[in-house]
Amino acid sequence: MAGIKYEHVWKRFGEVTVLKDLNIEINDGEFLVLVGPSGCGKSTALRCLAGLEEITDGTIWIGDRVVNDVPPKDRDIAMVFQSYALYPHMSVYDNMAFGLKLRKVPKPEIDKRVKEAAEMLSIGHLLDRKPKALSGGQRQRVALGRAIVRDPAVFLMDEPLSNLDAKLRVQTRAEISKLHQRLKTTFIYVTHDQTEALTMGTRIAVMRDGILQQLDSPQHLYDSPANMFVAGFIGSPAMNFFEAKLDRVKDGIAVVVGKTFVVPVPQAKLEKVGGSLGKDVFFGIRPEDVHDANFVARGVDDTARLTTTVNVTEPLGSEVYAYVENSGKEFIGRLDPRTSARTGQALEIVLDMEKMHIFDRETEKALV
């Protein structure tokens, strides 16, 4: 097992810079998720670690050795790709055993490792089948098994669930998390799906345009995003953002979005926003912190009230997504399923301002 370190890593393809001064330290046995939109550099970071791409500048460590010039086969890593990359003419057993045979591992040891991995992944009954006779989920488990039998120091996974349907993704996601708990090996997992990132990662590295935006635990990323990009990327539906101003009103300080969209800043937040008084800012509130005034959760201060018009409702059984409007600004709330929200009707809502976010208008960095 081994920790990983990216030190000032740059990667350029001609004139295009894909990774810009990347610094990440991954602890031994950790499950780190690299997340971000397409083209942000997350897969390139993984391929550089695997040795499939040469870095332009910087240093990559696996354990206590620099691996910049070490061939992929000698890095003690195993990679699971988006495509299953199984040999169609080989059985499941032979697909899983192939890498070990190339390394001249004794036959009894190969047999032991393959059967243990197959049982771990519940594919022991499929060992004689060819890939064409397997479902997508089964093929993905074979690809995982092929990596497990190598007993590597580090597992690298590049969007391994993107070819699966929604139900199977949830199931396989749980299997990979269980696998990590069982093996206690370092996992680095690349995805553009923030739900996968939040549910699987010990820590999450959010990337944008080759630059690391924030590296933190899932809950801390959700509660305290460093900037608007992280705030909008983490959480589903995405955070609501408004161009606003922090102004003094008769009862204290308020966030002013429009004539009828004025909400008070809680006492506990005043110290942090004081320096931005009178300035233009971005105000953020998550959909789950927007409540129907008739069904406000216990413990939520209900003083920040707005009268809105409901544009669209999306009932989901356990909750209702409501797109509401005030002062020409539309935003979304995740409301209690008992809500009376109906399209075209007025609805009084409450914003949980204890969960408010304020961002600098120029830098987009978090102030609260």
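This text follows the structure it describes.
A quick note: this is a predicted structure, and the numbers were derived from the prediction, not measured.

Here's the deal with the environment of F155
Working step 1: Mapped onto the elements, F155 comes out in strand β7 (residues 154–158).
Working step 2: Considering only alpha carbons, one finds F155 and L168, 13 residues apart in sequence, at a separation of 21 Å.
Working step 3: Discounting chain neighbours no more than four positions away, the residues touching F155 are A78, A147, I148, L183, T185, T186, F187 and I188.

Some remarks on the sheet that holds strand β4 (residues 57–62)
Working step 1: Strand order in the open sheet formed by four strands is β2-β1-β4-β5, with antiparallel pairing between adjacent strands. Each edge of the open sheet carries a strand with a single partner, namely β2 (16–26) and β5 (65–66).
Working step 2: Pairing of β4 with β5 involves two bridges; the strand directions are antiparallel. Bridge pairing in β5 links W61 to V66.

Examining the side chain of E319
Working step 1: Structurally, E319 is set in the loop between β16 (305–315) and β17 (320–326).
Working step 2: Residue classification places E319 among the buried residues on the basis of a relative accessible area of 17%.
Working step 3: In this structure the side chain of E319 is engaged in a polar contact, spanning 3.0 Å, whose partner is the side chain of R334.
Working step 4: In contact with E319, not counting residues within four places along its chain, are E314, R334, L335 and P337.

Calculation rules
Residues numbered from 1 in each chain as written. Predicted model: local features only at pLDDT ≥ 70, side-chain atom pairs only at ≥ 80, totals over all residues. Heavy atoms only, no water. Helix = DSSP H or I, 4+ residues; strand = E, 2+ residues; numbered from the N terminus. Contact = heavy atoms within 4.5 Å. Pairing = 2+ DSSP bridges. Buried < 20%, exposed > 50% of the residue type's maximum accessible area, 1.4 Å probe, protein only. Polar contact = N/O pair within 3.5 Å; in protein donor to acceptor, adjacent residues only side chain to side chain.

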